[in-house]
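# Descriptive structure summary
Below, each chain spelled out in residue letters.
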Amino acid sequence: MKAIKVKEFGGPEVLRLEEVPAPRPGAGQVLVRMHAIGVNPVETYIRSGTYARLPELPYTPGNDGAGVIEQVGSDVNEFKAGDRVYTAGSISGTYAEFVLCKTEQVHRLPANVSFAQGAAMGTPYATAYRGLFQRADARPGETVLVHGASGGVGTAAVQLARARGLRVFGTAGSDEGRKLAREQGAHEVFDHSVPDHFEEIMKATGGRGVDVIVELLANVNLGKDLPILAKGGRIAIIGSRGKVEIDPRDTMQRDADVRGMALPNTPPSELASIHAALVAGLENGTLRPVIGKDFPLADAPQAHRAVMESGAFGKIVLIPEK
Ligand code: NAP
């Protein structure tokens, strides 16, 4: 089978397509034939060797994807060959034609959802759900600011929050991104490239502030997020690419909470609950992942460059058979 192999950490060019033996599923494992693979920013940090947790070399990147079960190992009763699934983690890495997973890493993909859409679930939707509901405790009737609403996690957060009955504000850096955020359910959209968008958001709440912020670029925004929080407000830090200065008094004045999260820290029972909610949302049509760009598997380097560019528009996926 064909798979991307990384033999040294470095730029996008270290992602090389190779012919390798297909893995075989052992007890409690399944082999999935991938039809679409999700590309996430974290895979670029790992590839460059700058991330806190690094795999041993050589490795095949990727957590997310969707396809059809090719083969099941012994002791597997929940799945059979031919089932449509999406993956949330894998044993062998998802940037490949076939992927080995533990049964708990695969979830049923409803028939009304494309494989490319399924490839958006494992990291972006699970992260958005955990950030909103398990970390920030966002409740119906509250106002949430999705600070970075145009990308993989942001569009998911907008759909999830809107479906749960929150008032949703979203930001993006481009006209297309703001249009997208509005189409996904944001009641109001703002331009995060304009410095005074914080004042505009405050004005839109009538001076009360927002209850929850889902923050996708904390190193840029955290210091200015705190003053636009309502009393008792919570910020879920999902993305950050550096340091930031804050005034701690801004948290004191409003009894505010700043709560970080990393998806791999999610306890298994809470992860199972997240995917049960996500599959239900796919089935009933409230969750509709947006695919902005797709690339052939061999063009993984281009996909890694694209996912780090500004002007996000939903999800970027790789297609093995393209
Ligand atoms: P993505 O699809 O590339 O989207 C990036 C988002 O950040 C876009 O909406 C982009 O908007 C926005 N952004 C750019 N400048 C911004 C600013 N000044 N203020 C607010 N937002 C800004 O990436 P993703 O998959 O959604 O991931 C987003 C971030 O979350 C990444 O840093 C990723 O590493 C992190 N993440 C963390 C976890 C975790 O477990 N903690 C899990 C998944 C992702 P424009 O392009 O429109 O400007």
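Residues numbered from 1 in each chain as written. Predicted model: local features only at pLDDT ≥ 70, side-chain atom pairs only at ≥ 80, totals over all residues. Heavy atoms only, no water.

### Here we look at the layout of surface pockets
- Looking at the second largest pocket, its volume works out to about 150 Å³.
- Lining the second largest pocket we find Tyr-129, Phe-133, Leu-160, Ala-163, Arg-164, Ala-277, Leu-278, Gly-281, Thr-286 and Leu-287.
- Sorting elements by how many residues they give to the lining of the second largest pocket places helix H9 (residues 268–283) first, with three residues.
- Taken together, the residues that form the lining of the second largest pocket break down as seven nonpolar, two polar and one charged. (1 Å grid on protein atoms, 1.4 Å probe; cavity = no way out; pocket = protein on both sides within 12 Å on 5 of 7 lines; lining within 4 Å. Points joined across faces, edges and corners; volume = space filled by probe spheres on them. Helix = DSSP H or I, 4+ residues; strand = E, 2+ residues; numbered from the N terminus. Nonpolar A, V, L, I, M, F, W, Y, C, P; charged D, E, K, R; others polar.)

### Let's talk about the packing of helix H3 (residues 121–135) against H9
- Here H3 crosses H9 at 110°, and the two axes come no closer than 10 Å. Accordingly, the angle class assigned to the pair H3 and H9 is roughly perpendicular. Facing Met-121, Gly-122, Tyr-125, Ala-126, Tyr-129, Arg-130 and Gln-134 of H3, the residues of H9 in contact are Glu-270, Ser-273, Ile-274, His-275, Ala-277, Leu-278 and Leu-282.
- Residue composition of the contact of H3 with H9, grouped by class: eight nonpolar, four polar and two charged. (Axes fitted to C-alpha atoms, helices over the stretch in contact; angles between N-to-C directions. Parallel < 35°, antiparallel > 145°, perpendicular 65-115°, else oblique. Contact = heavy atoms within 4.5 Å.)

### Examining the packing of aromatic side chains
- If you walk through the whole model with that rule in mind, you get four aromatic pairs.
- Relative to Tyr-51, the ring of Tyr-45 lies with its centre 6.2 Å away and its plane at 35°, an arrangement referred to as tilted.
- Residue class for Tyr-45 comes out partly exposed when judged on its relative accessible area of 25%.
- Here the guanidinium or amino end of Arg-84 rests over the ring plane of Phe-115, the centre of that ring lying 4.5 Å away.
- Between Arg-164 and the ring centre of Phe-133, over which it is positioned, the NZ or CZ distance is 3.8 Å. (Phe/Tyr/Trp six-rings, centres within 6.5 Å; stacked < 30°, edge-to-face > 60°. Buried < 20%, exposed > 50% of the residue type's maximum accessible area, 1.4 Å probe, protein only. Lys NZ or Arg CZ within 6 Å of the ring centre and 35° of its normal.)

### Some details on the nonpolar core
- Counting residues in each nonpolar core, the largest one holds 39 residues, and the members touching the most others are Tyr-86, Leu-132, Val-144, Leu-160, Val-168 and Leu-278.
- Broken down by secondary-structure element, the contributors of at least two residues to this core are H3, strand S8 (143–147), helix H4 (152–163), strand S11 (210–215) and H9.
- Among the elements that take part in this core, H3 stands out by supplying seven residues, more than any other.
- Looking at which domains feed residues into this core, each of domain 1 (2–120 + 289–319) and domain 2 (124–264) gives three or more.
- What Leu-278 contacts, discounting residues up to four positions off in sequence, is Tyr-86, Met-121, Tyr-125, Ala-126, Tyr-129, Leu-160 and Leu-287.
- Counting 34 residues, the second largest nonpolar core, distinct from the first, contains Ala-3, Leu-15, Leu-31 and Ile-316. (Core = buried A, V, L, I, M, F, W, Y, C linked by side-chain atoms within 4.5 Å. Domains from an automatic or database assignment.)

### A look at the environment of Asp-83
- By the element assignment, Asp-83 lies in the loop between strand S4 (64–72) and strand S5 (84–88).
- The sequence separation of Asp-83 and Glu-70 amounts to 13 residues, and the corresponding C-alpha distance is 8.3 Å.
- With sequence-adjacent residues up to four places away left out, Asp-83 is seen in contact with Gly-67, Val-68, Ile-69, Glu-78 and Arg-108.

### Observations regarding the environment of Pro-268
- Of note, Pro-268 is situated in helix H9.
- A relative accessible area of 70% places Pro-268 in the exposed class.
- In this structure, the C-alpha to C-alpha distance between Pro-268 and Glu-104, residues 164 residues apart in sequence, is 9.1 Å.

### A word on unusual backbone geometry
- For the bond from Leu-57 to Pro-58, the omega torsion is -10°, close enough to zero to count as cis.
- Locating Pro-58 in the fold gives a position in the loop between helix H1 (41–48) and S4.
- Despite not being glycine, Asp-137 shows a phi value in the positive range, around 55°.
- Look at Asp-137 and you get partly exposed, because its relative accessible area is 33%.
- Phi angles above zero are rare outside glycine, and Asp-255 is one such case at about 45°.
- Assignment of secondary structure puts Asp-255 in the loop between helix H8 (249–252) and strand S13 (257–260).

### Quick notes on empty space enclosed by the protein
- For the structure shown, the criterion picks out one cavity of 30 Å³ or more.
- Of the volumes computed, that of the largest cavity is approximately 30 Å³.
- In terms of lining, the largest cavity is formed by Ala-120, Pro-124, Tyr-125, Gly-152, Thr-155, Pro-289, Val-290, Gly-314 and Lys-315.
- Within the residue set of the lining of the largest cavity, elements represented by two or more residues are H3 and H4.
- The residue inventory of the lining of the largest cavity, partitioned by class, reads five nonpolar, three polar and one charged.
- When residues of the lining of the largest cavity are assigned to domains, at least three map to each of domain 1 (2–120 + 289–319) and domain 2 (124–264).

### Some points on the site of the ligand
- Around the ligand, a shell composed of 28 residues is seen, among which Tyr-45, Ser-150, His-192, Leu-263 and Ala-312 lie nearest.
- Here Ser-150 contributes a side-chain N or O atom positioned 2.7 Å from an oxygen atom of the ligand.
- Residue Ile-238 places a main-chain N or O atom 2.9 Å away from a nitrogen atom belonging to the ligand.
- Relative to its unbound accessible area of 920 Å², the ligand is 87% covered by the protein chains.
- Taken together, the elements giving at least two residues each to the shell around the ligand come down to H1, H3, H4 and helix H7 (218–225).
- When the residues that make up the shell around the ligand are grouped by side-chain class, the tally is 14 nonpolar, 13 polar and one charged.
- The residues that make up the shell around the ligand include at least three from each of domain 1 (2–120 + 289–319) and domain 2 (124–264). (Near = heavy atom within 4 Å. Polar contact = N/O pair within 3.5 Å; in protein donor to acceptor, adjacent residues only side chain to side chain. Areas by Shrake-Rupley, 256 points an atom, 1.4 Å probe, with all protein chains shown as cover.)

The analysis is restricted to geometry; functional conclusions fall outside its scope.
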